[in-house]
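So the chains spell out like this:
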Amino acid sequence: MTLAIEARGLRRAFGDVVAVDDVDLEVPEGEVLGLVGPDAAGKTTLIRLLTGVLERDAGTVALFGHDLDAERDPTRLLLGYMSQAFGLYEDLTVIENIRFFAAIRRVTARDRRVREQRLLGFTRLEAFTRRKAGDLSGGMKQKLGLICTLVHEPRVLFLDEPTNGVDPVSRREFWDILGELRGRVTVVVATPYMDEAERCDRVALMAGGRILALDAPDALRAEVHDPVWEVETDRPFLAAEVLGLALPGAEITLFGDLLHVVGPLEERVVSDVLAAAGQSARTARIPPTMEDAYVRLAQPATARPGEDP
Ligand SMILES: Nc1ncnc2c1ncn2[C@@H]1O[C@H](COP(=O)(O)OP(=O)(O)OP(=O)(O)O)[C@@H](O)[C@H]1O
Ligand SMILES: [Mg+2]
């Protein structure tokens, strides 16, 4: 097995904040690895350390066996990085942006012509090549960002919340495009969306600068051993409060209008508590979702006993 990424003991602090705290990571060639975690978990900082755009306090990174420090130029060409605030030139057209990014990555005109046709084709942006990037929809901008990141044919692709703020249909299209690349490019993608995490080969759950768990989505879900009760009520916020007070041992999380109650509980307990508070509710046992796995696995990090705050 070839390792696309091998990182050891990565650490980076900003003042008192340890943004990435002693992280080891191995990503085999061809894998799509998701990074999931709350705001400030350290996802962006980890990506920036892995791409070498941010200096490390400690640790080593190798891409396909090439050390990021010792072999700066080859590793730079191996990787593509679409940052959280990826900068397209809004006053340039789609095709001009692609040509600009190809030029700074020293792609020959011949290679660039072949690749831009293919990339425009599978992102379905062919009809928009003369449009200014600033006039594209959010989803189209993200696809153009992806083309610009792929035009030098990186072997490792780092994507930092590439579909943030993009409508659900465009999000799915973006992931279909990643699906087309599957196997040919190794991908590390930070995402706030659990449905996107589900599409990854493995997912690293991050909090407080650490990787709390790293496994396939199925395996992470299997970590939730207690039953998951999905509760639908007219007043979900109130219901969450009532259940929280009555069932201190259970995890109660609000997902949109639905509540998930996770704990060693019988269904009747949940509906009885709500009925006693004068609330009618529909309760059903569901298989654990990635969100449930995340809530379950993130617990030790937020309440690590015996550790200074
Ligand atoms: N350049 C910086 N200067 C100071 N602090 C920083 C800097 N970059 C990151 N941090 C801090 O490091 C921690 C991790 O931030 P990071 O951006 O890596 O989190 P994230 O998981 O990407 O969050 P988000 O989901 O909001 O993008 C945060 O506490 C953040 O405030
Ligand atoms: Mg981030």
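Residues numbered from 1 in each chain as written. Chains lettered and ligands numbered in written order. Predicted model: local features only at pLDDT ≥ 70, side-chain atom pairs only at ≥ 80, totals over all residues. Heavy atoms only, no water.

Caption draft 1: Quick look at the coordination of the magnesium ion (ligand 2). Surrounding the magnesium ion (ligand 2) are the protein donor atoms Thr44 (OG1) and Gln84 (OE1), at 1.9 to 2.5 Å. Of this pair, threonine 44 sits in helix α1 (residues 43–51) while glutamine 84 sits in the loop between β6 (79–82) and α3 (94–104), placing them 40 residues apart in sequence. (Donors = N, O, S within 2.8 Å, 3.2 Å for Na, K, Ca; no water. Helix = DSSP H or I, 4+ residues; strand = E, 2+ residues; numbered from the N terminus.)

Caption draft 2: The domain arrangement of the protein, seen in detail. Partitioning the protein into structural domains gives domain 1 (3–221) and domain 2 (228–287). On a C-alpha basis, the centres of domain 1 and domain 2 stand 38 Å from each other. (Domains from an automatic or database assignment.)

Caption draft 3: Local environment of the packing of α3 against helix α4 (residues 109–122). Axis separation between α3 and α4 bottoms out at 11 Å; the angle between their running directions is 130 degrees. Looking at the two axes, α3 sits oblique to α4. At the point where α3 passes α4, the crossing takes the right-handed sense. Every residue of α4 that contacts α3 at Val94, Ile95, Ile98, Arg99 and Ala102 is listed here: Arg112, Glu116 and Leu120. Split into classes, the residues belonging to the contact of α3 with α4 amount to 5 nonpolar, no polar and 3 charged. (Axes fitted to C-alpha atoms, helices over the stretch in contact; angles between N-to-C directions. Parallel < 35°, antiparallel > 145°, perpendicular 65-115°, else oblique. Left-handed = near helix turned anticlockwise from the far one by under 90°. Contact = heavy atoms within 4.5 Å. Nonpolar A, V, L, I, M, F, W, Y, C, P; charged D, E, K, R; others polar.)

Caption draft 4: Broad picture of the sheet that holds strand β3 (residues 32–36). Within the open sheet, the 6 strands sit side by side as β6-β7-β8-β3-β9-β10. Their pairing is mixed. Of all the strands in the sheet, the pair left with one neighbour each is β6 and β10 (210–215). Ignoring strand direction, the axes of neighbouring strands in this sheet form an average angle of 15 degrees. One ladder, built from 4 bridges, connects β3 with strand β9 (residues 202–207); its direction is parallel. By the bridge assignment, glycine 34 is partnered in β9 with valine 203. Most of the contacts of α1 go to strand β7 (residues 156–160), to which it runs at about 155 degrees, and overall it touches β3, β6, β7, β8 (186–190) and β9. Of the strands in this sheet, β3, β7 and β8 touch helix α6 (residues 168–181), which is tilted by about 165 degrees from β7. (Pairing = 2+ DSSP bridges.)

Caption draft 5: Layout of the packing of aromatic side chains. Tallying each qualifying case throughout the model produces 3 aromatic pairs. When the centroid spacing of 6.4 Å and the interplanar angle of 45 degrees are considered together, the rings of tyrosine 89 and phenylalanine 101 count as tilted. Taken together, the positions of tyrosine 89 in the loop between β6 and α3 and phenylalanine 101 in helix α3 put the pair 12 residues apart, joining distant regions of the chain. Residue classification places phenylalanine 101 among the buried residues on the basis of a relative accessible area of 11%. Cluster of aromatic residues (ring-pair linked, three or more members): Tyr89, Phe100 and Phe101. (Phe/Tyr/Trp six-rings, centres within 6.5 Å; stacked < 30°, edge-to-face > 60°. Buried < 20%, exposed > 50% of the residue type's maximum accessible area, 1.4 Å probe, protein only.)

Caption draft 6: Quick look at the site of ligand 1. Residues in close proximity to ligand 1 total 13 residues, the closest being Ala40, Gly42, Lys43, Thr44 and Thr45. Contact between ligand 1 and alanine 40: an oxygen atom at 2.9 Å from a main-chain N or O atom of the residue. Glutamate 161 places a polar side-chain atom, nitrogen or oxygen, 3.4 Å from an oxygen atom of ligand 1. Against a free-state accessible area of 640 Å², the protein chains account for coverage of 63% of ligand 1. A majority-of-atoms criterion places ligand 1 in the largest pocket. At the level of secondary structure, the elements contributing two or more residues to the shell around ligand 1 comprise β2 (17–28) and α1. Of the residues in the shell around ligand 1, the class split is 6 nonpolar, 4 polar and 3 charged. (Near = heavy atom within 4 Å. Polar contact = N/O pair within 3.5 Å; in protein donor to acceptor, adjacent residues only side chain to side chain. Areas by Shrake-Rupley, 256 points an atom, 1.4 Å probe, with all protein chains shown as cover. 1 Å grid on protein atoms, 1.4 Å probe; cavity = no way out; pocket = protein on both sides within 12 Å on 5 of 7 lines; lining within 4 Å. Sits in = over half its atoms within 2 Å of the grid points.)

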